[in-house]
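Survey of secondary and tertiary structure
Take a look at the letters that make up each chain.
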Amino acid sequence: MMTKIRAAITGVGGYVPDYVLTNEELSKMVDTSDEWIMTRIGIKERRILKGEGKATSDMGAEAVKQLLAKTNTLPEEVDMLICGVVTPDMLFPATANIIADKTNIRNAFGFDMNAGCSSFLFALNTAAKFVESGSHKKVVVVGADKMSSIVDYTDRATCPIFGDGAAAVMLEPVSGEDGIIDAMLHSDGIGRVHLHQKAGGSLQPPTHHTIEARQHYIYQEGQPVFKWAVSKMADVSVEMMQRHELTADSLAWLVPHQANMRIIEATAQRMGLSREKVMINIQRYGNTTSATLPLCLWEWESQLKKGDNIILAAFGAGFTWGSLYLRWAYDGDKI
Ligand code: UT7
């Protein structure tokens, strides 16, 4: 009998830049306060990538180097690399190609995937299909974003939210019960009016006017995004639990996108999960967009055990959202 090949995460690497942007420093830049940010969003500080010539790919490359070292993988063994990203180094070529170059990965094909804050989730599930088909054996999935490159630090409604970071996972075929089991992914372009960057694309190429009008930054209408995020992320996570008869007891972890503490809490509550089962690092990193989910896995890796039932959930610009169910494939840290 043929056993089904699943794709399992076999290692995690991560990188956050050194510079810490605190609520105190932000309060000197815009009219805000630590109290407002902590109550409405739940962020204490975020990391910022400083330095001339430093881009998303530099963080992604650091995460991939660590991943290769931790999984004892030679660069030439990697046969595919997907990068989830909304702040690519350049509009083209793909940041995936730049990361591969910087990490000496030369036998892989790769591309970027932009699904807003759901980019990593969509990229992970796409990569899993290549592994499950048997065509690819060592696939690197990166989530990396330099959000500070598109944040307007005069706009108090968006600048406290975002931070920079990158993390990456290795996907490999396994024949047992572990690995990625199911994903439910959704998009609805009707939501694009509430969260986007107005200029810099083919609709509005850069001009003096677009720069003066500050259109090369994140535009967000917070409240509709919040409402959609709370309902869609919770719905799709609860649906995943029901589809696989998972309970608050049998589920080991929820890995939620880190956009707002209140969205995370509402999702966990709908799933009946206690706070101890939810990975939360928004206080320290803010919303790193494509990097939130793998950065959580990176930080919690030492606590994870083979067979742990884990649900990843995200919501982002597009709108895009989804949940992914996997059984973790190894015990503790890979050093
Ligand atoms: O990852 C992609 C998905 N993105 C998200 O999930 C973000 C979803 N949205 C949110 O998380 C929230 O909507 C925000 C955190 C963006 C905003 O929180 P909110 O509770 O929806 O606040 P609001 O926009 O309704 O603003 C409430 C008040 C306003 O003042 P008035 O009009 O009531 O006088 C704002 O001007 O808070 C004011 N405000 C601030 N005050 C101090 C907005 N930003 C700030 C600030 N400091 N930084």
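Use the structure listed above.
Residues numbered from 1 in each chain as written. Predicted model: local features only at pLDDT ≥ 70, side-chain atom pairs only at ≥ 80, totals over all residues. Heavy atoms only, no water.

1. Some words on the overall build of the protein
Counting secondary structure elements, the protein contains ten helices and 13 strands. Radius of gyration (C-alpha) of the protein: 19 Å, near the 20 Å computed for a compact globule of 335 residues. Reported as C-alpha extents along the three principal axes, the dimensions of the protein are approximately 65 × 45 × 35 Å. Within the protein, the proportion of its 335 residues that are buried is 55%. Partitioning the intrachain contacts of the protein with sequence separation of at least 6 by distance along the chain shows that 76% fall at a separation of at least 24. Summed over its atoms, the accessible surface of the protein is roughly 14400 Å², and 53% of this surface lies on carbon and sulfur atoms. Separation between the mean location of the 33 positive side-chain charges and that of the 39 negative ones in the protein comes to 2 Å. (Helix = DSSP H or I, 4+ residues; strand = E, 2+ residues; numbered from the N terminus. Rg over C-alpha atoms; globule rule 2.2 N^0.38 Å. Buried < 20%, exposed > 50% of the residue type's maximum accessible area, 1.4 Å probe, protein only. Contact = heavy atoms within 4.5 Å. Areas by Shrake-Rupley, 256 points an atom, 1.4 Å probe, with all protein chains shown as cover. Lys, Arg positive; Asp, Glu negative; His and termini not counted. Charge placed at Lys NZ, Arg CZ, Asp CG, Glu CD.)

2. Some points on the nonpolar core
If you look at the biggest cluster of nonpolar residues, it comprises 41 residues, and the most contacted ones within it are Leu 254, Met 271 and Ile 311. For this core, the elements supplying multiple residues, two or more each, are helix H7 (222–243), helix H8 (261–270), strand S12 (309–316) and strand S13 (320–327). Both domains that furnish three or more residues to this core are identified here as domain 1 (5–177) and domain 2 (181–334). Beyond its immediate chain neighbours, meaning those up to four positions away, Ile 311 contacts Ser 237, Met 240, Met 241, Leu 246, Leu 251, Trp 253, Leu 254, Val 255, Met 271, Ser 323, Leu 324 and Tyr 325. (Core = buried A, V, L, I, M, F, W, Y, C linked by side-chain atoms within 4.5 Å. Domains from an automatic or database assignment.)

3. A closer look at the packing of H7 against H8
Between H7 and H8, whose axes approach to 9 Å, the crossing angle comes to 30 degrees. The angle between H7 and H8 places the two elements in the roughly parallel class. The way H7 lies across H8 gives a crossing that is right-handed. Every residue of H8 that contacts H7 at Phe 226, Ala 229, Val 230, Ser 231, Met 233, Ala 234, Asp 235, Ser 237 and Val 238 is listed here: Arg 262, Ile 263, Ala 266, Thr 267 and Arg 270. Along the lines of polarity and charge, the residues of the contact of H7 with H8 split into eight nonpolar, three polar and three charged. (Axes fitted to C-alpha atoms, helices over the stretch in contact; angles between N-to-C directions. Parallel < 35°, antiparallel > 145°, perpendicular 65-115°, else oblique. Left-handed = near helix turned anticlockwise from the far one by under 90°. Nonpolar A, V, L, I, M, F, W, Y, C, P; charged D, E, K, R; others polar.)

4. Let's talk about the sheet that holds strand S6 (residues 139–146)
Strand order in the open sheet formed by five strands is S1-S7-S6-S4-S5, with mixed pairing between adjacent strands. At either margin of the open sheet sits one strand with a lone partner, and together these are strand S1 (6–15) and strand S5 (109–113). The average angle at which neighbouring strand axes cross in this sheet is 20 degrees, direction not considered. Of the strand pairs in this sheet, S6 and strand S7 (residues 164–174) are connected by eight bridges, and their pairing is antiparallel. (Pairing = 2+ DSSP bridges.)

5. Topic: the pattern of salt bridges
Counted under the stated rule, the structure contains 15 salt bridges. Where Lys 65 meets Glu 62, a salt bridge forms, and the shortest distance between an N and an O atom there is 3.6 Å. Placement of both Lys 65 and Glu 62 in helix H3 (residues 56–70) is noted, with a separation of three residues, approximately one turn of the helix. Close ionic contact of Glu 177 with Arg 327 constitutes a salt bridge, the shortest N to O distance being 3.5 Å. With Glu 177 in the loop between S7 and strand S8 (179–187) and Arg 327 in strand S13, this residue pair connects regions lying 150 residues apart in the sequence. (Salt bridge = Lys/Arg side-chain N within 4 Å of Asp/Glu carboxyl O.)

6. Overview of the site of the ligand
In the vicinity of the ligand there are 22 residues, among which Thr 32, Arg 40, Arg 156, Gln 223 and Asn 260 approach most closely. Between the ligand and Gln 220, the relevant distance is 3.2 Å, taken from a nitrogen atom to a side-chain nitrogen or oxygen of the residue. Asn 260 is positioned such that a nitrogen or oxygen atom in its side chain is 2.7 Å from an oxygen atom of the ligand. Computed on the free molecule, the ligand has an accessible area of 950 Å², of which 73% lies beneath the protein chains in the complex. Every element with two or more residues in the shell around the ligand is listed here: helix H2 (34–40), H7 and H8. For the shell around the ligand, the leading source of residues is H7, giving four residues. Residue composition of the shell around the ligand, grouped by class: eleven nonpolar, seven polar and four charged. Taken domain by domain, the shell around the ligand gets at least three of its residues from each of domain 1 (5–177) and domain 2 (181–334). (Near = heavy atom within 4 Å. Polar contact = N/O pair within 3.5 Å; in protein donor to acceptor, adjacent residues only side chain to side chain.)

7. Structural notes on empty space enclosed by the protein
Counting across every chain of the model gives one cavity of 30 Å³ or more. Empty space within the largest cavity amounts to approximately 30 Å³. If you trace the largest cavity, you find it lined by Ala 7, Ala 8, Ile 9, Gly 179, Ile 180, Leu 326, Arg 327, Trp 328 and Ala 329. It is S1 that contributes the most residues to the lining of the largest cavity, three residues altogether. The class makeup of the residues in the lining of the largest cavity is seven nonpolar, one polar and one charged. (1 Å grid on protein atoms, 1.4 Å probe; cavity = no way out; pocket = protein on both sides within 12 Å on 5 of 7 lines; lining within 4 Å. Points joined across faces, edges and corners; volume = space filled by probe spheres on them.)

8. Some remarks on the packing of aromatic side chains
If you walk through the whole model with that rule in mind, you get seven aromatic pairs. Aromatic side chains Phe 109 and Phe 130 sit 5.8 Å apart centroid to centroid with 55 degrees between the ring planes, which places their arrangement in the tilted category. Taken as a pair, Phe 109 in strand S5 and Phe 130 in helix H5 (residues 119–132) lie far apart in primary sequence, 21 residues in all. With a relative accessible area of 36%, Phe 109 lands in the partly exposed category. (Phe/Tyr/Trp six-rings, centres within 6.5 Å; stacked < 30°, edge-to-face > 60°.)

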